[in-house]
Amino acid sequence: MDNTKSARRSKAVIFYNGKNIAKDLADYQTSFSYTDNASGSSDSISVAINDRDGRWGNAWLPTKGDTLSAKIIVENWTKDGETKSLQCGSFVLDDLSCSGGSSGDTLTVGAISAPANTGFTTTKNSATWENTTIKEIANTIAQRNRISVVYDARSINIAAIEQSDKEDSSFLLSLCDTYGLSLKIYAKKIVIFDREVYKAKAPVKTITKKQATSWNWNSSLLGTYTGGTLTYSNEDGDEFEITVGGGDRILKVNTEVANAFDAELKLNAALNKENHGSTTMTIEMMGDPELVAGQCVTLSGWGSKRDGKYYIDSVTHKLNTGYKCSYKLSLCEPSAAFGVISDAINKLCNFGILKDREWWLDNYAKIDYADQLIMSVASRVTHGPTQTIDRLDVALIKLWRSGVITLLKYLVIIRACANSTELTELVMKSASAL
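Since this is a predicted model, take the numbers as computed values, not measurements.

Each value, and the rule that gives it
Residues numbered from 1 in each chain as written. Predicted model: local features only at pLDDT ≥ 70, side-chain atom pairs only at ≥ 80, totals over all residues. Heavy atoms only, no water. Buried < 20%, exposed > 50% of the residue type's maximum accessible area, 1.4 Å probe, protein only. Helix = DSSP H or I, 4+ residues; strand = E, 2+ residues; numbered from the N terminus. Pairing = 2+ DSSP bridges. Contact = heavy atoms within 4.5 Å. Polar contact = N/O pair within 3.5 Å; in protein donor to acceptor, adjacent residues only side chain to side chain. Axes fitted to C-alpha atoms, helices over the stretch in contact; angles between N-to-C directions. Parallel < 35°, antiparallel > 145°, perpendicular 65-115°, else oblique. Left-handed = near helix turned anticlockwise from the far one by under 90°. Nonpolar A, V, L, I, M, F, W, Y, C, P; charged D, E, K, R; others polar.

Chemist: Lay out the pairing of strand 9 (residues 148–152) with the relevant residues and their values.
Modeler: Every other side chain in a regular strand lies on the same face of the sheet, so the side chains alternate between the two faces. In strand 9, alternate side chains face the same way, and those of V149 and Y151 are buried while those of S148, V150 and D152 on the opposite face are not. Direction of pairing for strand 9 relative to strand 12 (residues 189–194): parallel, over a ladder of 5 bridges. Each bridged residue has a counterpart across the sheet, and for V149 the counterpart in strand 12 is I190.

Chemist: Tell me about the environment of L61, and name the residues and values.
Modeler: In this structure, L61 sits in the loop between strand 4 (44–50) and strand 5 (67–75). A relative accessible area of 36% means that L61 is categorised as partly exposed. Sequence separation between L61 and L96 is 35 residues, and the spatial gap between their C-alpha atoms is 9.0 Å. Not counting residues within four places of it along the chain, the set of residues in contact with L61 comprises R55, W56, L96 and L107.

Chemist: Kindly report on the side chain of S330, identifying the contributing residues and their values.
Modeler: Relative to the helices and strands, S330 resides in strand 21 (residues 323–331). S330 sits in the buried class, given a relative accessible area of 2%. Side chain to side chain, S330 and H276 meet in a polar contact 3.5 Å long. Apart from residues no more than four positions distant in its own chain, S330 is found in contact with H276, G277, T279, T280, K309, Y310, Y311 and D313.

Chemist: Describe the packing of helix 3 (residues 134–144) against helix 4 (residues 168–178), with residues and values.
Modeler: Interaxial distance between helix 3 and helix 4 falls to 11 Å at its minimum, and their mutual angle equals 165°. With respect to each other, helix 3 and helix 4 are oriented roughly antiparallel. Note that helix 3 runs across helix 4; the crossing there is left-handed. Contact residues: I134, I137, A138, I141 and R144 in helix 3; D168, F171, L172, L175 and C176 in helix 4. Of the residues belonging to the contact of helix 3 with helix 4, the class tally is 8 nonpolar, no polar and 2 charged.

Next comes the structure, spelled out in structure tokens:
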């Protein structure tokens, strides 16, 4: 029996304007890197080419604005005969640089994730939206730039907002940021998701200290908050204050809001943004094509105060003489903002209004208006269901008359219930408990 272990192999396969150029690069490519960011910054790739015969600096010189795509392939990586791959996405070539010296010439090609229509990041547009949602705004912008949208977050209503002579990319990123949503461009798609919901997901892998070739841990109190307040006025000039969390380190937010729930969303988003990344870890280790930004991992072996669940903010894959990954991680600490909905879900589970706490923590943001209803009901109920209500319209009328929902929410929740048995059950049991 042959017990010889096969050698690990890794490679980056690059496509230029849709054509596989792996053979053209085979004798020239010296390194490849791919940076995968969870949100806020474009993904990017960089390819270093040894231009020893001058052809890459002349006849084969790429053109800015052309498209690149890439995938990383590993063989025999964790066990013999196993092949894994990672699709890096689509990119627009935006940077070319050449250098030379006694060791020869080098061409470096840089590209960022962006739609082929670069107007998404460069053309300034003006528009006004009223009585819409973030998803609908994203869809409109996507259609204008001939791309699509992947929306994995709760529905957020926008009463009115104006895009005034601003690039689509920066306007949409700012809007998402205001409401605590993350945005990235991947594979010619606008991807929008809720980072706090993703941080609540189960870790996909465990990374041990023995696996790290280098690491750096940092924890800072500066810029972190235990609670927050937002003061706003209604149309009549009456002033109200929304409070989240408590303690001595209070974040005061000053921004325009449409109503109380809009104020709560914006305050939660501001708190989560400030507190994210208060404890970080950077790790370099052997490459892993299965770990991507936006996932969570468990760190083990660094000691009780450094171990725990971390969110992957970004990962850079580097291939030259080998394949390594560098991770930027943030500790998934209990958030003052996220804790409000968590506590509300826990309360409703204790009363028997909700059944599965973990399921609701993972999924509440994906069900239209579930978060609003959970918060409103939790602030009012003091017991579990004491009667049986078997008609949705009767349950909603009771919630309306009890002040849990407004007439407008009454109408929109009817539509939302048509697509969610979970929301319907929440409505019925909530009404039975009042």
